[in-house]
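The chain contents come next:
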Amino acid sequence: MQKKLILDANLLDITISRLCQQLIENHGTFAYSVILGLQPRGIYLAEIIQQRLFELCRKKVPMGYLDISFYRDDFRRREIGKVSELRIPFSLENKRVILIDDVLFTGRTVRAALDAMLAFGRPAKVELLVLIDRRYNRDLPIAPDYVGKTVNTVASQKVLVELKAQGSSQNKIWLINNP
Amino acid sequence: MPQLSQPHLLGIKNLTARDIELIFETADNFKNIINQPIKKVPALRDVTVANVFFENSTRTRISFELAEKRLSADIVNFSASSSSVKKGETLLDTVNNILAMKVDMVVMRHASPGAPHFLSRHIKASVINAGDGTHEHPTQALLDAYSIREKLGAIEGKKVVLIGDILHSRVALSNIFALKKLGAEVKVCGPPTLLPRHIRNLGIDVELNLRKALEWCDVANILRIQLERQQLRYFPSLREYALYYGINLSLLNSLNKKITIMHPGPINRGVELSSDAADSAHSIILDQVENGVAIRMAVLYLLAGKQA
């Protein structure tokens, strides 16, 4: 198994700062904005971004967790995963939603997330923020609005996100070659 | 990844404590979903479920039907009273005919104990037991245990007493299995004629005095007097039963602690449970009904995932 470092702790920190600056540029005071972290791994990034935005503009943007297990289009076609908590303590009606996940791959998770979101109202606008965009792997016409880093990968490779918030010893992102 | 150990839900007896925990964790998520503005998820979009009821039912049947609809499954309903069973068709023939129309899961209620077990050995679809005679009623026991967990925070170490017609109650047997597996202490209470002879072999105690049983317990699950299953007279009169084993609000208020009251329904008001007690703050009867849908959604979802 070969591992290649894509982002180290320092670069990751700079990347997250840049993503937050871009969000501030587009959302201003975040008056109607909410953050939705995708379960299971997007929520850690969502929490980091919420915290960083608070440090930058003293505004706590409301955050929810979205679990898409029941909205997948491949249920019964593969083994079922663990169902995580779905917690959205506010209505999405007329809100500007920032959907956050760590890695964008085929786009199927995002499709299911868009489907799941509709149960909570009709948002005014939905944007997608991802830390890693795996280019050339999309199955669906889905594109992110904010990207931490774009990497060229093939389907057999994997992106490993290690965050301290997830219990790892360091903040690092790796590209793994499976033989 | 977590999965049920069984391809069918025939009874609590075959489940492990881990299975029950998995069903509860999944039901937590479904409980969130059924409290959303849009209560429907597309998870079982490509699954067809047959609800085959050879015995009358309102609550269980509506609960299953709602659970299936909220998971977006396709449903066919079948009740024995309006079908070819009346013309002498066998159980296996009836169900095989339904399955020939490409049905993935069968929810069955039958008056004969073991009918779903028999069926599960002969067909490919997943079978969910919705009550088989006086044997088991697994989804009821799951939702009862889930409601206790929700009300008291845990099940382990809690004291639960089942009161009333234990002899004819499938709810009692399934409850005993479920609660024992989850680490609760269980007693049964009722007139000796309505207690099965070897009930102690299940590892539970018997208490004949209602007041002592209530003083001991944290939760009292009160069972219905099943007059339709009683071919003999097990007690002199309903009035006498109500006098010795009926629960009312003044009895509950005279206890030295506050206990939780449950009933699987339908209630014989004024017999095993009086109206003032059934509608009091002690009662979580309507929570049980709400949780029933979430529990059945979890069971359907996990069994459907198992077929993958």
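Structure's up top.
Read on for a plain summary of the structure.

This brings us to the pattern of salt bridges. Should the charged atoms of two oppositely charged side chains come close, the side chains can pair. A full pass over the atoms with the stated rule returns 16 salt bridges over all chains. Close ionic contact of A:Arg108 with A:Asp139 constitutes a salt bridge, the shortest N to O distance being 3.2 Å. One end of the pair, A:Arg108, is in helix α3 (residues 108-117); the other, A:Asp139, is in the loop between β5 (125-135) and β6 (146-152), with 31 residues separating them in the sequence. When the shortest N-O distance is used, the salt bridge between B:Lys69 and B:Glu65 registers 3.6 Å. Linking B:Lys69 with B:Glu65, this pair stays in helix α2 (residues 59-70), spanning 4 residues, or about one helical turn. You can call B:Lys69 partly exposed: its relative accessible area is 41%. If you follow the salt bridges from partner to partner, you end up with A:Asp73, A:Arg108, A:Arg111, A:Asp115 and A:Asp139 in one network.

Let us now look at unusual backbone geometry. Each neighbour pair has its own omega, and for A:Gln39 with A:Pro40 the value is -5 degrees, a cis peptide bond. Turning to its location among the elements, A:Pro40 is positioned in the loop between β2 (33-38) and α2 (42-57). Cis geometry marks the peptide bond from B:Gly265 to B:Pro266, where omega comes out at -10 degrees. Summarising the element assignment, B:Pro266 is placed in the loop between β9 (260-262) and α10 (275-278). Phi at A:Tyr136 takes a positive value of approximately 70 degrees, unusual for a residue other than glycine. For A:Tyr136, the position within the fold is in the loop between β5 and β6. A positive phi angle, near 65 degrees, is found at B:Ser72, a position not held by glycine. Secondary-structure assignment places B:Ser72 in the loop between α2 and β2 (74-79).

Each side of the interface is counted separately: chain B has 26 residues, and chain A has 21 residues. Scanning the region where chain B abuts chain A turns up 0 salt bridges. Mapped onto the side of chain B that touches chain A, the elements with two or more residues apiece are α1 (17-34) and α11 (285-306) of chain B. It is α1(B) that contributes the most residues to the side of chain B that touches chain A, 5 residues altogether. Of the residues assigned to the side of chain B that touches chain A, the class counts are 15 nonpolar, 6 polar and 5 charged.

This part takes up the pairing of strand β4 (residues 126-132) of chain B. Residue and element names in this part refer to chain B. Of all 7 residues that make up β4, 7 are buried, and the element is covered over most of its length. Sheet topology places strand β3 (residues 105-110) next to β4; 5 bridges connect them, and they run parallel. Residue His110 lies in a different strand from β4, and its bridge partner there is Asp132. You can see the chain leave β3, run along helix α4 (residues 115-122) and come back into β4, and the turn it takes is right-handed.

What counts, and where the lines are drawn
Residues numbered from 1 in each chain as written. Chains lettered and ligands numbered in written order. Predicted model: local features only at pLDDT ≥ 70, side-chain atom pairs only at ≥ 80, totals over all residues. Heavy atoms only, no water. Salt bridge = Lys/Arg side-chain N within 4 Å of Asp/Glu carboxyl O. Helix = DSSP H or I, 4+ residues; strand = E, 2+ residues; numbered from the N terminus. Buried < 20%, exposed > 50% of the residue type's maximum accessible area, 1.4 Å probe, protein only. Contact = heavy atoms within 4.5 Å. Nonpolar A, V, L, I, M, F, W, Y, C, P; charged D, E, K, R; others polar. Pairing = 2+ DSSP bridges. Right-handed = clockwise from strand over helix to strand, strands pointing away.

Purely geometric stuff here, so don't read any function into it on its own.
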